[in-house]
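Chains, contacts and geometry: an overview
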Amino acid sequence: MALSDALSRRQVLILSGVALAAAALPGSLALIERGGAAVADDLLSMLADPEGAARIGQQWIEAAGHEPDGRAFAQRIAKRLRAHGWHPGDAPEAMHAALAARVRHDFQHGDMVEIAGWQISRTGAELCALAATHRAAQPA
Amino acid sequence: MFIDGRKVPDGSVIETDIAIIGAGAAGITIARALKGADASVALIESGGLDFDPDTQELYAGETVGVPYTLDTSRLRYFGGSTNHWGGWCRPFEPIDFEERDWVPHSGWPINRADLDPYYVRANEVAHVGPFAFDDIDFWSDGGKNKPIDLPGGDVVTRFFEYSPPLRFGVTYRDEIGHAPNVNTYLNSNVLEIVPTEDASTVQSLRVGTLTGRRFEIRPKLVILATGGIENARLLLLSNSVEKAGLGNGRGLVGRFFMEHPHIDRPAEILMTDPDVVAPYYKTYTKLNGTNIRAVFMFTDEYLRKNRRLGTVMTWYQVKEIRTDKEVHEQDPDPARGMEPGLLQLIRSTTADAASGPLLGMRYGSGCATEQSPNPDSRVMLSTAKDALGLNQTKLDWRLSAADRANLRLNMETLARAFGVWGQGSVRILFQDRDMWDEAEGWGNHHMGTTRMATDPRKGVVDADCKVHGISNLYVAGSSVFTTSTTVNPTLTIVALALRLADHVQQRFVRGA
């Protein structure tokens, strides 16, 4: 097993982050950017129907006047998932468990958005919005 | 025996112990309960044994509030509105009887326990079946049926049991006709309940027919049982002594009119696994010889904690959502296109992934909701006259923005419960706005116009359903309801009628 295979993505990110902490600031930002993109990819990989989610997300972005900023959606979701024990680089199962817990938490606390009358958890809606921005970024 | 009032000689005076005005669910129930008692009973019915348009026309009136059809929402012949009711039966919840500080004018002078023994008997009277209601095991069909256990303790599955629906006037016609102590006067309209000069006691009933006959019935005790609108109208019309109407010294007769606003499709529900939905949710289901239907209601704890009024929701299966084919549906709603994505979102987060082409099922819903008592929502007398020369009804039914907001909030609670459950999603179609749409329906449930209260300043009748200040006048029917509650009124009308019959019987037998 190669060293890189033995390390989780989380460990890689942490180690990379530590190594770069002493380096120049622009380099650090670049890594966070790459990490954010990975989180976004991981979140999108949770979706059984990314296209269907994107359609819902697009509708919400347009109706609510949200900035179609995929990175912001991903960061907000990731921040919430951390509150449920997930960390960047965790296995997909851990992300799925945290996502399920967060969605339930949203509903429990009435943190819902309305899209064409459907009552959707805020996290679910932002996941759809992330899918919408991702789709928009794909080459036609 | 049945006596056609049109053949009673003009000017006759008929003496009786007990007069029951109105042969609907309440009147027939009381007459049956008094069958064989040591008291003569006159059951006085405006109509005949069958529908007659001229008699029905006596129900015509005007509405000045929420548009309402006064003439078609009830029936004026032997059996009353049980001749067209749907048979929905369910006892009121304990909280319905309580004084709730967030519901002005709430609080019955009786509680659910007072009615419990009568509810069991009412089930028998209405041919409903065993008094099982929320006994989940009784309806489980050998363990096959399980209610959906929504987390949070806010929304709960409850059960309606159905009367066939029993046509009281048909089923109990012979029994009433052969009761030796009961004379039923058909085609006989009480024109006025006439009290003594001090208005403390009823001394006679002026009766008339559409053919012009006039006669008098002199009872020792009167039970007014003509329905939630007509009870108030007849008291208001009885104004030869008390100018404001009999029992209306404090201006309460006719006030607090309540209905059950009915909303078609207040919400839709998507569920990932149709197999968890027991048949009794989707339609009328016969189990243990009884037709039942499961509904969603809101728990007493939730209503108390969140200071809400109740709502009852029925639902039904509409459409499969699939990946392999589009199930045809004539519905131009553009939001339909979201449904596969939404079900997949649920499956991507809180529910299991789809194992085949079936993503889930869409369910439609209907609901009835409680309205808060409002003194300005009322039955009055119109200046227009009916064929008997009596003032017609003028109804000013009012619904408040708060009642509407309450229903919307209950729908949001339902959505939250489904979201936490994680296997479904709720779409709220009931809009968040101030005004009720005129097109939204009602249940033909007329309540509150002679409300029950211990304090005569707060109600027309006391806990025994006796009119405050009048020694021998009682009221039966949904007009005595202090609050509208959430579910259909007939079972409670019958239960209260049985309770009143017991009271009257005791009063006669024991001279109380």
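Just so it is clear, the structure is predicted and the values come from calculations on it, not from any experiment.

Along the backbone of chain A there are seven helices and two strands. Element order for chain A, N to C, with α for helix and β for strand: α-α-α-α-α-α-β-β-α. A burial count over chain A gives 39% of its 140 residues as buried. Of the roughly 7,300 Å² that chain A leaves accessible, carbon and sulfur atoms contribute 58%.

A count of helices and strands for chain B gives twelve helices and 20 strands. For 512 residues, the compact-globule formula gives about 24 Å, and the C-alpha radius of gyration of chain B, at 24 Å, lands near that figure. The dimensions of chain B, computed from C-alpha atoms along their principal axes, are 80 × 45 × 40 Å. For chain B, long-range pairs separated by at least 24 residues make up 75% of all intrachain contacts whose partners lie at least 6 apart in sequence. Total accessible area on chain B stands at roughly 19,000 Å², and carbon and sulfur atoms take up 47% of it. In chain B, which carries 54 positive and 65 negative side-chain charges, the distance between the mean positions of the two groups comes to 1 Å.

Before going further, it helps to spend a moment on the packing of helix H5 (residues 70-82) of chain A against helix H7 (residues 122-137) of chain A. Residues and elements named next belong to chain A. H7 packs onto H5 with a crossing angle of 150 degrees between their chain directions and a minimal axis gap of 9 Å. Compared by their axis directions, H5 and H7 come out roughly antiparallel. Considering the relative orientation of H5 and H7, their crossing is left-handed. Seen from H5, the contacting residues are Gly70, Phe73, Ala74, Arg76, Ile77 and Arg80; seen from H7, they are Arg122, Thr123, Glu126, Leu127, Ala129, Leu130 and Thr133.

Glancing now at the environment of Leu75(B). Residue and element names in this part refer to chain B. Residue placement: Leu75 occurs in the loop between strand E4 (61-63) and strand E5 (88-89). On the basis of relative accessibility, which here comes to 13%, the residue Leu75 falls in the buried class. Ignoring anything within four residues of it in the chain, the contact list for Leu75 reads Phe51, Gln56, Tyr59, Gly80, Ser81, Asn83 and His84.

What follows concerns the sheet that holds strand E17 (residues 378-385) of chain B. Residues and elements named next belong to chain B. Taken in spatial order, the three strands line up as E4-E18-E17 in an open sheet, and their pairing is mixed. The open sheet is flanked by E4 and E17, the only strands paired with a single partner. Each strand of the sheet is rotated relative to its neighbour by a mean of 30 degrees, with strand direction disregarded. Across five bridges, E17 lies against strand E18 (residues 391-396) in antiparallel orientation. Residue pairing for E18: Leu381 is matched across the bridge by Thr393.

We now examine the pattern of salt bridges. All names here are of chain B. Under the counting rule described, the total for this entry stands at 42 salt bridges over all chains. We note a salt bridge from Arg233 to Asp386, for which the minimum N-O separation is 2.8 Å. Here Asp386 lies in the loop between E17 and E18 and Arg233 lies in helix H7 (residues 230-237), a separation of 153 residues in the sequence. By relative accessible area, Arg233 is classed as buried at 2%. Judged by its relative accessible area of 9%, Asp386 is buried. For the salt bridge of Asp331 with Arg336, the shortest nitrogen-to-oxygen distance reads 2.8 Å. Salt bridges here are not isolated pairs; linked through shared partners, they connect Arg265, Glu268, Lys319, Glu329, Asp331, Asp333, Arg336, Glu339, Arg362 and Arg427.

Okay, the interface of chain A and chain B next. Each partner contributes to the interface: chain A provides 27 residues, whereas chain B provides 27 residues. In this assembly, chain A packs against chain B so that about 2,200 Å² is buried in total across both faces, 65% of it on carbon and sulfur atoms. Taken together, the links from chain A to chain B amount to one salt bridge. Residues Arg408(B) and Glu114(A) are paired through a salt bridge, measuring 2.6 Å at the closest nitrogen-oxygen approach.

It is worth spelling out the nonpolar core at this point. Ranked by internal contacts, the top residues of the largest apolar core, which has 144 residues, are Ile20(B), Phe168(B), Ile193(B), Leu205(B), Ile223(B) and Phe296(B). Those residues in contact with Leu205(B) that lie beyond four places of it in its chain are Ala19(B), Ile21(B), Ile44(B), Val190(B), Glu192(B), Ile193(B), Phe215(B), Glu216(B), Ile217(B), Pro219(B) and Val222(B). Counting residues in each nonpolar core, the second largest holds 40 residues, with Leu47(A), Leu81(A), Ala125(A) and Leu345(B) among its members.

This paragraph deals with the environment of Arg293(B). All names here are of chain B. Within the secondary structure, Arg293 sits in strand E14 (residues 290-298). We classify Arg293 as buried; its relative accessible area is 9%. For the pair Arg293 and Val170, spaced 123 residues apart in sequence, the C-alpha to C-alpha distance is 25 Å. A polar atom in the side chain of Arg293 sits 3.0 Å from the backbone oxygen of Trp315.

Moving on to H7(B). Residues and elements named next belong to chain B. In terms of burial, H7 is a largely internal element, eight of the eight residues being buried. Every buried residue of H7 is listed here: Glu230, Asn231, Ala232, Arg233, Leu234, Leu235, Leu236 and Leu237. In this structure, the buried residues of H7 make contact with strand E2 (13-21), strand E8 (189-195), strand E10 (214-224), E17, E18 and strand E20 (473-475).

Next up on the list: the packing of aromatic side chains. The relation between two aromatic rings is expressed through the spacing of the ring centres and the mutual angle of the planes. Residues and elements named next belong to chain B. Taken as a whole and assessed by the stated rule, the structure comprises 33 aromatic pairs over all chains. Their ring planes at 75 degrees and their centres at 4.8 Å tell us that Tyr162 and Tyr284 sit as a pair that is edge-to-face. Remark: Tyr284 occurs in the loop between helix H8 (279-282) and strand E13 (285-287) and Tyr162 occurs in strand E6 (residues 155-162); sequence separation between them is 122 residues. Given the relative accessible area of 6%, Tyr162 is considered buried. With 5.9 Å between their ring centres and 75 degrees between their planes, Phe296 and Phe418 make a pair best called edge-to-face. Here Phe418 lies in helix H11 (residues 401-421) and Phe296 lies in strand E14, a separation of 122 residues in the sequence.

Turning next to the packing of helix H6 (residues 92-108) of chain A against H7(A). All names here are of chain A. Taken N-terminus to C-terminus, the directions of H6 and H7 make an angle of 125 degrees; their axes are 7 Å apart at the nearest point. Our classification of the angle between H6 and H7 gives oblique. Across from Leu99, Arg102, Val103 and Asp106 in H6, the residues of H7 making contact are Arg122, Thr123, Gly124 and Leu127. Of the residues contributing to the contact of H6 with H7, the split by class is three nonpolar, two polar and three charged.

In this section: the pairing of strand E3 (residues 41-44) of chain B. Residue and element names in this part refer to chain B. Here E3 shows two buried faces, one formed by Val41 and Leu43 and the other by Ala42 and Ile44. Inspection of the sheet shows E2 paired to E3 by four bridges, in the parallel sense. Looking at E3, one finds that Ile20 is bridged to Leu43. Once the chain exits E2 it traverses helix H1 (residues 25-33) before rejoining the sheet at E3, and the crossover so formed is right-handed. With four bridges connecting them, E3 and strand E7 (residues 182-186) associate as parallel partners.

Turning our attention to unusual backbone geometry. Residue and element names in this part refer to chain B. Note that the residue after Pro164, namely Pro165, is joined by a cis bond; omega there is 10 degrees. Of note, Pro165 is situated in the loop between E6 and helix H5 (168-171). Even without being a glycine, His105 presents a positive backbone phi close to 70 degrees. Within the secondary structure layout, His105 lies in the loop between helix H3 (94-97) and helix H4 (112-125).

Parameters at a glance
Residues numbered from 1 in each chain as written. Chains lettered and ligands numbered in written order. Predicted model: local features only at pLDDT ≥ 70, side-chain atom pairs only at ≥ 80, totals over all residues. Heavy atoms only, no water. Helix = DSSP H or I, 4+ residues; strand = E, 2+ residues; numbered from the N terminus. Buried < 20%, exposed > 50% of the residue type's maximum accessible area, 1.4 Å probe, protein only. Areas by Shrake-Rupley, 256 points an atom, 1.4 Å probe, with all protein chains shown as cover. Rg over C-alpha atoms; globule rule 2.2 N^0.38 Å. Contact = heavy atoms within 4.5 Å. Lys, Arg positive; Asp, Glu negative; His and termini not counted. Charge placed at Lys NZ, Arg CZ, Asp CG, Glu CD. Axes fitted to C-alpha atoms, helices over the stretch in contact; angles between N-to-C directions. Parallel < 35°, antiparallel > 145°, perpendicular 65-115°, else oblique. Left-handed = near helix turned anticlockwise from the far one by under 90°. Pairing = 2+ DSSP bridges. Salt bridge = Lys/Arg side-chain N within 4 Å of Asp/Glu carboxyl O. Buried area = accessible area lost by both parts, 1.4 Å probe. Core = buried A, V, L, I, M, F, W, Y, C linked by side-chain atoms within 4.5 Å. Polar contact = N/O pair within 3.5 Å; in protein donor to acceptor, adjacent residues only side chain to side chain. Phe/Tyr/Trp six-rings, centres within 6.5 Å; stacked < 30°, edge-to-face > 60°. Nonpolar A, V, L, I, M, F, W, Y, C, P; charged D, E, K, R; others polar. Right-handed = clockwise from strand over helix to strand, strands pointing away.

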